[in-house]
2 protein chains.
Amino acid sequence: MSLPVPTMEAPPVGVVGLGQLGGSLAAALVAAGRTVTGWDTDPAAREAAAARGVRVGRELSGVVVLATPIPALATALDDLDVDPAATVTDLGSVKVPVLAALGERFGGRFVGGHPMCGTERSGHAATDPQLFRGARWAVCLEPGTELPRWLRVAEVALAAGASVVPVTAGEHDAAVAAISHVPHLLAAALAAAAADAGPLALALAAGSFGSGTRVVGSDPAFVTAMVEGNAGPTAAALAGVRAQLDRPWPELVAAGHAVVTRPQDRRTVRVPLDRTALLALGRAGGAVERRLAAFVEGWVPA
Amino acid sequence: MSLPVPTMEAPPVGVVGLGQLGGSLAAALVAAGRTVTGWDTDPAAREAAAARGVRVGRELSGVVVLATPIPALATALDDLDVDPAATVTDLGSVKVPVLAALGERFGGRFVGGHPMCGTERSGHAATDPQLFRGARWAVCLEPGTELPRWLRVAEVALAAGASVVPVTAGEHDAAVAAISHVPHLLAAALAAAAADAGPLALALAAGSFGSGTRVVGSDPAFVTAMVEGNAGPTAAALAGVRAQLDRPWPELVAAGHAVVTRPQDRRTVRVPLDRTALLALGRAGGAVERRLAAFVEGWVPA
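Residues numbered from 1 in each chain as written. Chains lettered and ligands numbered in written order. Predicted model: local features only at pLDDT ≥ 70, side-chain atom pairs only at ≥ 80, totals over all residues. Heavy atoms only, no water.

Regarding helix α1 (residues 20-31) of chain A
Two residues of an α-helix separated by three or four positions point the same way, owing to the 3.6 residues in each turn.
Residue and element names in this part refer to chain A.
Part 1: Here α1 is twelve residues long and its end C-alpha atoms lie 16 Å apart, about the 16 Å a rise of 1.5 Å per residue gives.
Part 2: In terms of burial, α1 is a largely internal element, nine of the twelve residues being buried.
Part 3: For α1, the complete set of buried residues consists of Q20, G22, G23, S24, L25, A26, A27, A28 and L29.
Part 4: In the segment just after α1, G33 is the residue with positive phi, at about 90°. (Helix = DSSP H or I, 4+ residues; strand = E, 2+ residues; numbered from the N terminus. Expected span 1.5 Å × (residues − 1). Buried < 20%, exposed > 50% of the residue type's maximum accessible area, 1.4 Å probe, protein only.)

A word on the relation of the copies chain A and chain B
Part 1: If you rotate chain A by 180° and push it 0.0 Å along the axis, it lands on chain B with an RMSD of 0.0 Å. Taken together, the turn and the small shift mark the pair as related by a two-fold rotation axis.
Part 2: In this assembly the copies share their binding face: 100% of the residues contributing to the interface of chain A also contribute to that of chain B. (Least-squares fit on C-alpha atoms with pLDDT ≥ 70 in both. Contact = heavy atoms within 4.5 Å.)

Describing the sheet that holds strand β3 (residues 55-56) of chain B
All names here are of chain B.
Part 1: In spatial order, the strands read β3-β2-β1-β5-β7-β8; together these six strands make up an open sheet with parallel pairing. Among the strands making up the open sheet, the edge pair consists of β3 and β8 (110-111).
Part 2: Pairing of strand β7 (residues 87-90) with β8, which is carried by two bridges, proceeds in the parallel orientation. When the bridges of β8 are listed, V88 appears paired with F110. (Pairing = 2+ DSSP bridges.)

Thoughts on the environment of P248(A)
All names here are of chain A.
Part 1: Here P248 lies in the loop between α9 (231-245) and α10 (249-260).
Part 2: Under the relative-accessibility criterion, P248 is labelled partly exposed at 48%.
Part 3: In sequence terms P248 and A160 are 88 residues apart; their C-alpha atoms lie 44 Å from each other.

Things to note about the pattern of salt bridges
Residues and elements named next belong to chain A.
Part 1: Taken as a whole, this structure holds 14 salt bridges over all chains when the rule is applied.
Part 2: Two residues, R105 and D78, come together in a salt bridge whose shortest N-O distance is 3.8 Å. Residue R105 is found in helix α3 (residues 96-106), and its partner D78 is found in the loop between β5 (63-66) and β6 (81-82); the two are separated by 27 residues along the sequence.
Part 3: The class of D78 is partly exposed, set by a relative accessible area of 48%.
Part 4: Taking the shortest distance from any N to any O, the salt bridge between E155 and R291 comes out at 3.8 Å. (Salt bridge = Lys/Arg side-chain N within 4 Å of Asp/Glu carboxyl O.)

Some points on the pairing of strand β1 (residues 13-16) of chain A
All names here are of chain A.
Part 1: Residues V13 and V15 line one face of β1 and the alternating positions G14 and V16 line the opposite face, and both faces are buried.
Part 2: When β1 meets β5, the two strands line up parallel, connected through four bridges. The partner of G14 across the bridge, within β5, is V64.
Part 3: Sheet analysis places β1 next to strand β2 (residues 36-39), joined by four bridges and oriented parallel. What sits directly across from V16, in β2, is W39.
Part 4: Crossover β1 to β2 through α1 is right-handed. (Right-handed = clockwise from strand over helix to strand, strands pointing away.)

Section: the sheet that holds strand β7 (residues 87-90) of chain A
Part 1: Ordered by their spatial adjacency, six strands build an open sheet running β3-β2-β1-β5-β7-β8 (chain A), and the pairing between neighbours is parallel. Lying at the two open borders of the sheet, with one neighbouring strand each, are β3 (55-56) and β8 (110-111) of chain A.

Focus on the interface of chain A and chain B
Part 1: Opposite the 77 residues of chain A that make contact, chain B presents 77 residues.
Part 2: Both sides of the chain A and chain B interface together cover about 6,200 Å² of buried area, and 75% of this is carbon and sulfur.
Part 3: When the buried surface of chain A facing chain B is broken down by residue, I179(A), L204(A) and W249(A) rank first, second and third, together holding 13% of it.
Part 4: Counting every contact that joins chain A to chain B gives two salt bridges.
Part 5: The residue D246(A) makes a salt bridge to R242(B) at a minimum N-O spacing of 2.7 Å.
Part 6: Taken together, chain A and chain B are joined by 16 residue pairs in polar contact (both at pLDDT 80 or more).
Part 7: Ranked by the residues each element gives to the side of chain A that touches chain B, the list is headed by helix α5 (residues 169-197) of chain A, at 22 residues.
Part 8: Across the side of chain A that touches chain B, the residue classes break down as 49 nonpolar, 18 polar and ten charged. (Buried area = accessible area lost by both parts, 1.4 Å probe. Polar contact = N/O pair within 3.5 Å; in protein donor to acceptor, adjacent residues only side chain to side chain. Nonpolar A, V, L, I, M, F, W, Y, C, P; charged D, E, K, R; others polar.)

Considerations on the environment of G17(A)
Residues and elements named next belong to chain A.
Part 1: Within the secondary structure, G17 sits in the loop between β1 and α1.
Part 2: C-alpha of G17 to C-alpha of V65: the two residues are 48 residues apart in sequence and 8.6 Å apart in space.
Part 3: Leave out the neighbours within four places in its chain, and G17 touches G22, G23, W39, D40, A67 and T68.

Some remarks on the confidence of the model for chain A
Part 1: Across chain A, the average pLDDT comes to 92, with 95% of residues at 70 or higher.
Part 2: Across residues 1-8 of chain A the pLDDT falls below 50, and counting only partners more than four positions away or on other chains, this stretch makes eleven contacts in the model. (pLDDT = per-residue confidence, 0-100.)

Regarding the environment of P115(B)
All names here are of chain B.
Part 1: Relative to the helices and strands, P115 is located in strand β9 (residues 113-115).
Part 2: Given the relative accessible area of 2%, P115 is considered buried.
Part 3: When the C-alpha positions of P115 and A162 are compared, they lie 7.9 Å apart, and in sequence the two are 47 residues distant.
Part 4: Excluding residues within four positions of it along the chain, P115 makes contact with L21, L91, F132, R136 and W137.

Quick notes on the packing of aromatic side chains
Part 1: Summed over the entire model, instances satisfying the criterion amount to two aromatic pairs over all chains.
Part 2: Looking at R46(A), its charged tip hangs above the ring of W39(A), at a distance of 4.4 Å from the centre. (Phe/Tyr/Trp six-rings, centres within 6.5 Å; stacked < 30°, edge-to-face > 60°. Lys NZ or Arg CZ within 6 Å of the ring centre and 35° of its normal.)

Focus: the domain arrangement of chain A
Often the size quoted for an interface is simply the accessible area lost on bringing the parts together.
Residue and element names in this part refer to chain A.
Part 1: For chain A, the assigned domains read domain 1 (13-167 + 265-301) and domain 2 (177-246).
Part 2: Centre-to-centre, using C-alpha coordinates, domain 1 lies 28 Å away from domain 2.
Part 3: Listed by partner, the interface residues are five residues for domain 1 and eight residues for domain 2.
Part 4: Between domain 1 and domain 2, the buried area comes to about 430 Å², and carbon and sulfur atoms account for 52% of it.
Part 5: Our enumeration of links across domain 1 and domain 2 arrives at zero salt bridges.
Part 6: At the boundary of domain 1 with domain 2, the tally comes to zero residue pairs in polar contact (both at pLDDT 80 or more). (Domains from an automatic or database assignment.)

What about the packing of helix α5 (residues 169-197) of chain B against helix α9 (residues 231-245) of chain B?
Residues and elements named next belong to chain B.
Part 1: Here α5 crosses α9 at 65°, and the two axes come no closer than 8 Å. By the criterion of interaxial angle, the relationship of α5 to α9 is roughly perpendicular. Along this stretch, α5 crosses α9, giving a crossing that reads as right-handed. Taking contact as the criterion, the partners of D173, A174, A177, A178, H181, V182, L185 and L186 in α5 are, on α9, P233, T234, A237, L238 and V241.
Part 2: In the contact of α5 with α9, the residues fall into ten nonpolar, two polar and one charged. (Axes fitted to C-alpha atoms, helices over the stretch in contact; angles between N-to-C directions. Parallel < 35°, antiparallel > 145°, perpendicular 65-115°, else oblique. Left-handed = near helix turned anticlockwise from the far one by under 90°.)

Structure representation (structure tokens):
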């Protein structure tokens, strides 16, 4: 993966919330040569970030990344001094509700984002500057998004080592329902049904049960907020899984196997700096790897 | 875990089929000081076993372990010279159909078994003498099972490093439907539904999708045979998962979380050599860790 060479023009980055995601992002950007100012209400999180070269302060400009839990997004900037020209982005796991909440306030200055990473750990002690390396990072391109601001956010994601998936908020929420929110519900149902089957079943549980229920260890309040915050797409995606479970088993097993063993070939493409073309790349399963002068370079499944 | 000290009385073990499970078992038993004779139709598997100290031959006595795929169980001994007094056991993943097929032939000499381990790898190259260490090994105790033969099979499992779960074939099949067969179907449905959602969804897939679909990489012919070989219990367990998915999400997520985070405390118990008492241990989620003179020692959830 090519990373963009930091230039004099790369805007400063402000990160609000220095937990696992925000702290990791701030550290990754410092390592990539960007100027990063961070803030967190927790002094310990501020100290941890400072130890990684992050400037600690309340004055933010350039690209301001809101790295707080979703319920705190609306008030995250309340006591901070933010340049009124700054581009604002977030890292929340759902995008239509966040766009509704922040789009009204920041208008065309808001560009929603969602890096597809993170672990079951959380907090500033779980900070890892490598967290985003090789991850996909959805960056929302709505009809009203200002493309230069979208590019600034995309460059932050690229600088952290991720590849950028251009999406609309609606496309994003439908996709993550299928690949993230429904898996949490299936895992919970599998665990609860096994417990109903009795202590013998749980005593015999091994590999397939362990991997099938791994995510159930996550904080249930967090998981509930996640699925309820994306309720419509999650219900639709769950109906899709139920429909699959109605298929004859040999057909179902073969279909699932074909998905996880599909060829992973990619071809490099150049995409003009145009909303329609960028969204088409995302819909094709592709991603942007670097920005060049008048286009971006990325890949799509071959 | 205490392992039984091998004594002069420990019977020889014959292992038919020296792939991942059989080869690993033969190697583990050799390492535990047992005399093991192994056979496989594949010369390469025989050579690999010989290199681990397994005698290669067709004359089998003591406890004869059938470690072939289930469809081959009925003919596995056809060209071999087996002591008519030998106890016969198997490692198949379903027990009622195997008991129906082999119980008629071997009568009270047959004791079904199923070690809850194995990986997505297979064949003699995947042999690992540590494979059974810490695993649960279901050993079937039917109304007609001769207890001394059950104990001989249990001692083979203990010698390989596993703990022994006394079950009936029917209890076993219901339990593995819930914790092994249904997880394979859920994982396939999750993968197939995500593919239906489109390339964007698969491109954004990360941790929860990866663990939720891990087992879909297994050979689909093997998985189909597994679920169809346990069709009734698997359909019942799948209905249990569907019922869980009808619950309100906060309740479902909390229930699943409570299962995977339940206390893992154990207390040691002594169980008389009595079918009713042994099966009660298994139903309570317990397992046998070692055999003493007139009882076995094991544990149950505290």
